[in-house]
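# Overview (structure and organization)
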Protein chains: 2
Amino acid sequence: MSTADRKARDKENLKALILQGAKKLFLEKGIEQTTIRNIADEIDYSVGTVYVYFKDKNAILHDIHTIGFQELGGSFTELFTIEDPMDRLRKMGIFYMKFAIENSEMYDLMFNVKAPMEFIEHSEKEEWNEGVGTFNALKNTVAQCMEKGHFKGHSLEPLSFMIWGVVHGMCCLEIRQRTKGVKFSKPETILMDGYHEFLKIIEKL
Amino acid sequence: MSTADRKARDKENLKALILQGAKKLFLEKGIEQTTIRNIADEIDYSVGTVYVYFKDKNAILHDIHTIGFQELGGSFTELFTIEDPMDRLRKMGIFYMKFAIENSEMYDLMFNVKAPMEFIEHSEKEEWNEGVGTFNALKNTVAQCMEKGHFKGHSLEPLSFMIWGVVHGMCCLEIRQRTKGVKFSKPETILMDGYHEFLKIIEKL
DNA sequence: TTATTTTTTTGAACAACGTTCATTAGTTTG
DNA sequence: CAAACTAATGAACGTTGTTCAAAAAAATAA
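Quick caveat, the model's predicted, so the values are computed rather than measured.

### Some points on the protein's contact with DNA strand D
- T49 and Y53 of chain A together with R6, Y51 and K57 of chain B are the nearest of the 20 residues found near DNA strand D.
- When atoms of DNA strand D within 4 Å of the protein are sorted by moiety, sugar and phosphate together comprise 65%.
- In the model, a phosphate oxygen of DNA strand D is placed 3.0 Å from a nitrogen or oxygen of the S46 of chain A main chain.
- Note that a phosphate oxygen of DNA strand D is positioned 3.1 Å from one of the backbone N or O atoms of I36 of chain B.
- Top element by residues in the surface near DNA strand D is helix α3 (residues 47–53) of chain A. It accounts for 4 residues.

Written out as structure tokens, the structure is:
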């Protein structure tokens, strides 16, 4: 029985090794410039081996997108020590945007690249657990704000989605080079400046 | 002199024909599933001819992204008959989101796909005129709102960028399948519901 | 018209991609 | 030690974007 155990462990290890190699190359030279052959080379295995452990490229991209959500979740943990939900909400946006900018390739994979969602579609997974979890962290915080009397006259889910939209939209425009295109007067700070405009607005609600 | 003129005209016509074929295929089967060979087949020319008229695939994608901005601009024209800037701003968002959802492949190309910006980078074009123009339409309207006494204590450019972010972010999440993933209670209307939350908020400013 | 030059179009060929699968190498079991 | 099984391999396939010598067509000159 122990040999079978070790084999299962080896399989998991090699799977993890492939993901680690893939992630390294993604961060180094971008997702689109990374090929299966690159990944195989990086960890000194053949292309064929990669396909033994992963159905296709989408499967690799999906698993790395999941690692991204673990990392984002990790950077969120300290937020849950903040008692005041409004304060937590404000900082949550900062953390989210910071993550997006400092890990733009990973953020792109998590929220823009089509592969992870295509993988979920064509597998027995029924839900985007990674996204649901992160969105719930936001929704719960907004709900607590409402319990404390903020956001009167607003609906929880649409409001939470709109807040997600603000931060995501601005990060997205930055990552996909659209902010660079319009030449703001203060391009270095436009993201945070934009977010602070949003904070000023919800402050009063 | 007239033969030279006709030749120049013919060149322009064939260039337009290629773009027309490319656009048709993009809308039919998506940008990623459309190949240069597909485009050449569609208009009964050879692959080589496409490369006589366009440097590479990025050049085609860029030119179609420009057509997209013309279409978006067209749908904006009737907005400028609206006198009240706040009213115009509200409707501008509706038009923008409507365009994004009804022309999602085109919207994606305009604001998410990397190719058009890469083309601008590697060409003598110094600015993203298409994006600048559209952003200015928003910025000017926000400026008029401020002149009328709205948005006190806010800065024009960051505020305009934030508003762009809200609508873009929500459309983006929808187009890249992330709203589908989180299973909202009312998925059919979440985009407009989210936008109306935003309208409720800026109403008071 | 006919010959020559110029322009336009062509598609075979190339390198690189994701993916497959018969074959080989290695390990475990009887 | 041999048989049975498992894991790893890399050549090969079909497609992709792209190139470029050659062919076809058109314009010009005689």
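The discussion continues.
### Quick word on the packing of helix α5 (residues 85–102) of chain A against helix α6 (residues 104–111) of chain A
Residues and elements named next belong to chain A.
- Orientation of α5 relative to α6, taken along the N-to-C sense of each, is 110°, at an axis distance of 5 Å. By the angle between their axes, α5 is roughly perpendicular relative to α6. Residues Y96, F99, A100, I101 and E102 of α5 form the contact with α6, whose own contacting residues are S104, M106, Y107, M110 and F111.

### Side note on the UniProt feature "domain: HTH tetR-type" (unreviewed entry) in chain A
- Mapped onto this numbering, the UniProt entry annotates "domain: HTH tetR-type" (unreviewed entry) at residues 12–72 of chain A.
- In residues 12–72 of chain A, helix accounts for 79% and strand for 0%; the two terminal C-alpha atoms are 23 Å from one another.

### Quick look at the protein's contact with DNA strand C
- Neighbouring DNA strand C are 20 residues; R37, Y51 and K57 of chain A together with T49 and Y53 of chain B lie closest to it.
- Among the atoms of DNA strand C lying within 4 Å of the protein, the sugar-phosphate backbone contributes 64%.
- Within the backbone of S46 of chain B, one N or O atom sits 3.0 Å away from a phosphate oxygen of DNA strand C.
- The separation between a phosphate oxygen of DNA strand C and a polar side-chain atom of T49 of chain B is 2.7 Å.
- Taken together, the elements giving at least two residues each to the surface near DNA strand C come down to α1 (2–29) and α2 (36–42) of chain A together with α1 (2–29) and α3 (47–53) of chain B.
- With 5 residues, the single largest contributor to the surface near DNA strand C is α3 of chain B.
- A per-class count over the surface near DNA strand C returns 7 nonpolar, 6 polar and 7 charged.

### Considering unusual backbone geometry
- Phi is positive for K183 of chain A, which is not a glycine, with a value near 55°.
- Inspection of the secondary structure assignment puts K183 of chain A in the loop between α10 (178–182) and α11 (190–203).

### Let's talk about the state of the cysteines
Residue and element names in this part refer to chain A.
- Under the definition given, this model contains 0 disulfides over all chains.
- Sulfur of C171: no disulfide; nearest cysteine sulfur belongs to C172 and is 8.1 Å away.
- When its relative accessible area of 0% is taken as the criterion, C171 is described as buried.

### A look at the packing of aromatic side chains
All names here are of chain A.
- Under the counting rule described, the total for this entry stands at 24 aromatic pairs over all chains.
- Judged by centre distance (6.3 Å) and plane angle (80°), the ring pair of F111 and W128 falls under edge-to-face. Of the two residues, F111 is situated in helix α6 and W128 in the loop between α7 (115–121) and α8 (129–147); the sequence distance between them amounts to 17 residues.
- Relative to W164, the ring of F111 lies with its centre 6.2 Å away and its plane at 75°, an arrangement referred to as edge-to-face.

Parameters at a glance
- Residues numbered from 1 in each chain as written.
- Chains lettered and ligands numbered in written order.
- Predicted model: local features only at pLDDT ≥ 70, side-chain atom pairs only at ≥ 80, totals over all residues.
- Heavy atoms only, no water.
- Near = heavy atom within 4 Å.
- Polar contact = N/O pair within 3.5 Å; in protein donor to acceptor, adjacent residues only side chain to side chain.
- Helix = DSSP H or I, 4+ residues; strand = E, 2+ residues; numbered from the N terminus.
- Axes fitted to C-alpha atoms, helices over the stretch in contact; angles between N-to-C directions.
- Parallel < 35°, antiparallel > 145°, perpendicular 65-115°, else oblique.
- Contact = heavy atoms within 4.5 Å.
- UniProt positions renumbered as here; feature names shortened; annotations may be inferred.
- Nonpolar A, V, L, I, M, F, W, Y, C, P; charged D, E, K, R; others polar.
- Disulfide = S-S within 2.5 Å.
- Buried < 20%, exposed > 50% of the residue type's maximum accessible area, 1.4 Å probe, protein only.
- Phe/Tyr/Trp six-rings, centres within 6.5 Å; stacked < 30°, edge-to-face > 60°.

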